[in-house]
Amino acid sequence: MPLHHFLDLKDIEPAALHRMVTDAVSRKTGRLDLPKGAPDSDRPLAGHVLAMIFEKSSTRTRVSFDIAMRQLGGAAIVLDASTTQLGRGESIADTARVLSRMADAIMIRTDDHAKLLELAHHATVPVINGLTDLSHPCQIMADLLTLHEQGKPLAGLQVAWFGDCNNVLHSLVEAAGLFRFDLRIATPAGYRPDAATVSAAQAAGAHISVTADPLAAARDADVLVTDTWVSMGQAHQEEKLALLAPFQVNEALFAVAQPDAVFLHCLPAHVGEEVSAEVFESPRSLVFDEAENRIHAQKSVLLWCQGLLG
Ligand code: CP
Ligand code: NVA
């Protein structure tokens, strides 16, 4: 069987992605009364180890993968790249081959997407993308689970993204075609999503539009999404922040959206910049459900990687 790497959503069969969301729902509801560190009753990854490499900071990804492995009956090891030999120049190829002899799967958070692909090329165990400069598919799996829990079908949902065109947006673009929701992207002229990612998603049937008018994007939308204006590794540019200011998600945008519209943000947030405090703290804000759902969605990703979800 070919290795099940979880690198980008577009590389994975839609049926498998849908199974992951459904499986995450049933595992989540199946353990509501258990303490968070207690294993699921079936412990499907008993004896398995996940090695996690972090070349960038993380709170949610690090903790959620660790807890996910514990709940599945396995364990996780965190490698801070700066204190490993990778940080002293050992090659990705050798790191991949060594970790493949010691762990059952490898998760990496890095800058250059090419490093993720190289790791997967040399690994003999599944590799998971824990965020690169190009994409963040694990986040979008948690977001899809969060929207699924709202009870509306994902297909046909009107999703609107505001602000910077970053890694989280690129995975959302890929998901639009695979899960059949419409995506409007509101961003200043000069800040456009990766053209290749958008055209590949459109070729796969996604309905994606790009506008410089945030109110037009928000009109009748079911979901309003944003993310930080300065991603990890980017310089803090006053000029960019000024251009993005009109794209803040606030009550003015929610006023023209569907009455039951919800707010998503992968976190960490910069309240007062990309989102107003009023929206962030409102009942329509699902940001902490999203954070918790990283655990549940990633458990299904881990099971799929090990060939246990078909
Ligand atoms: N959303 C997310 O990936 O958070 P961390 O950077 O804390 O992992
Ligand atoms: N776009 C953000 C996401 C953080 C989870 C970043 O890359 O910093």
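Quick notes on the rules
- Residues numbered from 1 in each chain as written.
- Chains lettered and ligands numbered in written order.
- Predicted model: local features only at pLDDT ≥ 70, side-chain atom pairs only at ≥ 80, totals over all residues.
- Heavy atoms only, no water.
- Phe/Tyr/Trp six-rings, centres within 6.5 Å; stacked < 30°, edge-to-face > 60°.
- Helix = DSSP H or I, 4+ residues; strand = E, 2+ residues; numbered from the N terminus.
- Buried < 20%, exposed > 50% of the residue type's maximum accessible area, 1.4 Å probe, protein only.
- Near = heavy atom within 4 Å.
- Polar contact = N/O pair within 3.5 Å; in protein donor to acceptor, adjacent residues only side chain to side chain.
- Areas by Shrake-Rupley, 256 points an atom, 1.4 Å probe, with all protein chains shown as cover.
- Nonpolar A, V, L, I, M, F, W, Y, C, P; charged D, E, K, R; others polar.
- Pairing = 2+ DSSP bridges.
- Axes fitted to C-alpha atoms, helices over the stretch in contact; angles between N-to-C directions.
- Contact = heavy atoms within 4.5 Å.
- 1 Å grid on protein atoms, 1.4 Å probe; cavity = no way out; pocket = protein on both sides within 12 Å on 5 of 7 lines; lining within 4 Å.
- Sits in = over half its atoms within 2 Å of the grid points.

With the rule as written, the count across this model stands at 2 aromatic pairs. Between phenylalanine 6 and tryptophan 304, the ring centres sit 6.4 Å apart and the planes meet at 75°, which makes this aromatic pair edge-to-face. On the criterion of sequence distance, the pair formed by phenylalanine 6 in the segment before α1 (14-29) and tryptophan 304 in helix α12 (residues 287-305) is long-range, its members being 298 residues apart. By relative accessible area, phenylalanine 6 is classed as buried at 0%. Given a relative accessible area of 7%, tryptophan 304 falls into the buried group. With a centroid separation of 6.1 Å and an interplanar angle of 85°, the aromatic rings of phenylalanine 280 and phenylalanine 288 are classed as edge-to-face. By relative accessible area, phenylalanine 280 is classed as buried at 10%.

With that settled, the discussion passes to the site of ligand 1. Inspection of the region around ligand 1 gives Ser58, Thr59, Arg60, Thr61, Arg109, His136, Gln139, Cys266, Leu267 and Arg294 as its neighbouring residues. A distance of 2.8 Å is found between an oxygen atom of ligand 1 and a side-chain nitrogen or oxygen belonging to histidine 136. Here ligand 1 loses 95% of its free accessible area of 260 Å² to cover by the protein chains. Looking at the shell around ligand 1 residue by residue, the classes come out as 2 nonpolar, 5 polar and 3 charged.

Ordered in space as β2-β1-β3-β4, the 4 strands form an open sheet in which the pairing is parallel. Here the strands that pair on one side only, and so sit at the sheet edges, are β2 (75-80) and β4 (127-129). On average, each strand axis in the sheet is inclined to that of its neighbour by 20°, with strand direction left out of account. Looking at chain direction, strand β1 (residues 49-54) and strand β3 (residues 105-109) are connected through 5 bridges and run parallel. Bridge assignment links alanine 51 to a residue of β3, and that residue is isoleucine 106. Along the sheet face, helix α2 (residues 60-71) touches β1, β2, β3 and β4 and points at about 175° away from the line of β1.

What follows concerns the sheet that holds strand β6 (residues 182-186). The strand order β7-β6-β5-β8-β9 describes an open sheet built from 5 strands, whose pairing is parallel. The open sheet is flanked by β7 (208-211) and β9 (262-265), the only strands paired with a single partner. Mean inter-strand twist for the sheet, computed between neighbouring axes without regard to direction, equals 20°. Across 5 bridges, strand β5 (residues 158-162) lies against β6 in parallel orientation. Of the residues in β6, the one forming a bridge with phenylalanine 162 is alanine 186.

What surrounds ligand 2 is the set Leu131, Asn166, Asn167, Asp227, Thr228, Ser231, Met232, Cys266 and Leu267. The contact in question runs from a nitrogen atom of ligand 2 to an N or O atom on the side chain of aspartate 227, over 2.7 Å. A distance of 2.8 Å separates an oxygen atom of ligand 2 from a polar backbone atom of methionine 232. Compared with its free state, where it exposes 270 Å², ligand 2 has 95% of that area covered by protein. Mapping ligand 2 onto the cavity grids shows that it belongs to the largest pocket. A class-by-class count of the residues in the shell around ligand 2 yields 4 nonpolar, 4 polar and 1 charged.

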